[in-house]
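# Residue-level structural notes
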Amino acid sequence: MELIELDRVSRTFTVRSKAGRLRRRRHEVRAVDGLSFTVRAGECVGYIGPNGAGKSTTIKMLTGILVPSAGRLRVAGVDPARERVALARRIGVVFGQRTTLWWDLPLRDSYELARRLYRIEPARYAANLERCVELLQLGDLLDTPVRQLSLGQRMRGDLGAALLHDPQVLYLDEPTIGLDVLSKARVREFLREVNAAGTTVLLTTHDLTDIEQLCGRVMVIDHGRLVFDGDLAGLHAAGRSERTLVVDLARPGPPIEAPGARVVKVAGARQWLAFPAEQSAAPIVAAVADRYPLQDLSVREPVIEDVIARMYAGAVGG
Amino acid sequence: MAELRWAVTSWRLAAAMWMRAATAYRTSFVLLAAASLLVCSLDFVVLLLMFHHTDRLGGWRLPEIGLLYGTAGIAIGVADFLLGTVDGLGERIRTGALDTLLLRPAPALSMVCAERFTLRRLARPAQATAVLLWALHALDLHWSWDKVLLLAMMLVCGPVIFGALFVGLSSVQFFWGEARELQNSATYGGATLLQYPPDVFARDLLLGVTFGVPLAFVNWLPTLQILGRPDPLGLPVVCRFAAPLVAAAAAGAAGLAWRAGLRAYRSTGS
Ligand SMILES: Nc1ncnc2c1ncn2[C@@H]1O[C@H](COP(=O)(O)OP(=O)(O)OP(=O)(O)O)[C@@H](O)[C@H]1O
Ligand SMILES: [Mg+2]
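What you see is a predicted model; the values in this text were computed from it and never measured. (Residues numbered from 1 in each chain as written. Chains lettered and ligands numbered in written order. Predicted model: local features only at pLDDT ≥ 70, side-chain atom pairs only at ≥ 80, totals over all residues. Heavy atoms only, no water.)

## What about the interface of chain A and chain B?
With 30 residues of chain A at the contact, the number on the chain B side is 29 residues. Summing both sides of the interface, chain A and chain B together bury roughly 2,800 Å²; the carbon and sulfur share of this comes to 61%. Of all residues in chain A, Arg98(A), Trp102(A) and Leu117(A) give up the largest surface area on contact with chain B, accounting jointly for 23% of the area buried on that side. Here Arg98(A) and Asp99(B) are joined by a salt bridge, their closest N and O atoms 3.6 Å apart. Elements with a minimum of two residues in the side of chain A that touches chain B: strand E1 (2-18), helix H1 (55-63), helix H2 (84-88), strand E5 (91-95) and helix H3 (107-117) of chain A. For the side of chain A that touches chain B, the leading source of residues is H3(A), giving five residues. Of the residues that constitute the side of chain A that touches chain B, the class distribution is 14 nonpolar, five polar and eleven charged. (Contact = heavy atoms within 4.5 Å. Buried area = accessible area lost by both parts, 1.4 Å probe. Salt bridge = Lys/Arg side-chain N within 4 Å of Asp/Glu carboxyl O. Helix = DSSP H or I, 4+ residues; strand = E, 2+ residues; numbered from the N terminus. Nonpolar A, V, L, I, M, F, W, Y, C, P; charged D, E, K, R; others polar.)

## Here's the deal with the site of ligand 1
In the vicinity of ligand 1, 17 residues are found, and the nearest of them are Lys55(A), Ser56(A), Thr57(A), His206(A) and Arg266(B). Measuring from an oxygen atom of ligand 1, one finds a side-chain N or O atom of Lys55(A) at 2.7 Å. At a separation of 2.7 Å, an oxygen atom of ligand 1 approaches a polar side-chain atom of His206(A). Relative to its unbound accessible area of 630 Å², ligand 1 is 79% covered by the protein chains. When contributions to the shell around ligand 1 are tallied by element, the ones reaching two or more residues are E1, strand E2 (24-40) and H1 of chain A. Here the shell around ligand 1 is built from residues that sort into five nonpolar, nine polar and three charged. (Near = heavy atom within 4 Å. Polar contact = N/O pair within 3.5 Å; in protein donor to acceptor, adjacent residues only side chain to side chain. Areas by Shrake-Rupley, 256 points an atom, 1.4 Å probe, with all protein chains shown as cover.)

## Some remarks on the nonpolar core
Within the largest apolar cluster, 163 residues are counted, with the highest numbers of intra-cluster contacts made by Ile4(A), Val75(A), Tyr111(A), Tyr171(A), Leu98(B), Phe162(B) and Trp258(B). For this core, the leading source of residues is helix H3 (residues 62-83) of chain B, giving twelve residues. Setting aside residues up to four positions removed in sequence, Leu98(B) forms contacts with Leu89(B), Arg92(B), Ile93(B), Val112(B), Phe174(B) and Tyr265(B). Ranked by size, the runner-up nonpolar core spans twelve residues in total, among them Leu245(A), Val247(A), Ala261(A) and Leu273(A). (Core = buried A, V, L, I, M, F, W, Y, C linked by side-chain atoms within 4.5 Å. Buried < 20%, exposed > 50% of the residue type's maximum accessible area, 1.4 Å probe, protein only.)

Shown next as structure tokens:
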């Protein structure tokens, strides 16, 4: 079942900039430009792209906050901007940069308000609250005023608030921004559970580890247009990404020669060999072990930042 | 109808949250309420001082003006109490905070109007009610059913007209961030105007607040009828009973303006 459908959706902003002392020039920014895609129920989709690509604008249209300038948009069968209030009961949203919690009140009060605004039945509320408290480790935080929470704690609080009403879709706009490694891991673990339980997740992030660990599907947007839609392996292929074999030899030597791999760096006894990401490492390892005094080796996965950068470079060049 | 009920319920829920949030800061409610009461009594003191030197203003006696003062104060006070903070909309838009309100399954208007809700804002309608009761007592009117009706009409339609002005003019902030002053001068400024008899103002101004911003229907026109006074503009008598129609039209227009504003809302870039 298609839960989210976009058909040639655009959103432009008119911005005025100073031109001369009194004159103002108006020009249009196409934040989203003829975007079409669908997301099926239960998917976990990573939605990535450089700054200003139009990710947040897309999410705001999907929640009904922003009205599209053109095109057709459907979430759970309704037009978000037209039926914003009805849709709000069926979606959960977390903006990493902005909290929906009540600043001066304990977390519990924000949840209580959600219970009443979303008309959550008591039994369901109790169960969901318990689940969130357990998975997000909110136990000690429930009675703390939100303004006293750390960023990571607050983010966990926000995640809980977005899920109390069992939304069909969860939109996350940079949910891991500013969090330390441990907090990020916790948030990811939670999102994995949420998705496994059947909630569709659309995730925007600049931390590509989020995508690697959570999303089976990646959409890349640039200048408001979809430039890639597929799985992670496909993204690697599109970005001609490479894995790296790090080899520690018994003693320094000349660059290793192995079929299908090339040396990109040598430092003493350690050498770095790059090979296409989709290719198996086994034959290369075998070839190296066969001919060189091997002490240790490890394989490094590609960094998606580079993959995307190369993809952009490719797009611009071609 | 269910929609309207939900708008009120969600307003009530959010208002209750704001009241709780305010108790997080331990300022004395009693002290602040007393201060509000004092401040809004000041303009009545000014009136009293004026009448120290004269016994008529524009041909009106003090109790007659008290009737204007009371009804104007109740109209603006009740509207301000229920939805006055809608004027903070521009700030919400500028900081992008409106986004989070729009995520809730409730009308945005209810959420914005409930903002920073406090019982303290009851000070003004309370003080105005006291003045009104005194005026009614001092006037010693011969009550007839049409006068009772007119008084009731003022108490209901007055707040609606002011509420519509609050919401309708605040909607301008969706398009033009600095429109707050416009709204404040029409509402708070307008309420001050209505405390004085229409006879003391220039004809152009009277035309403006009758046919432009429909303030005259809040209390001037009905009061002329209650007191049996001539209309400085010489409008037909039906106008004195037109407040319900005017209030309904104003509320409808405000609703449309709000809707148009929401559709034009552009959030912020980050
Ligand atoms: N309210 C607005 N007014 C004017 N321009 C806007 C507005 N919102 C977004 N834009 C512009 O639209 C474009 C897309 O912005 P958007 O916030 O969607 O990007 P993003 O992909 O979320 O970027 P980031 O990764 O930096 O969060 C940008 O050029 C931005 O300047
Ligand atoms: Mg963004």
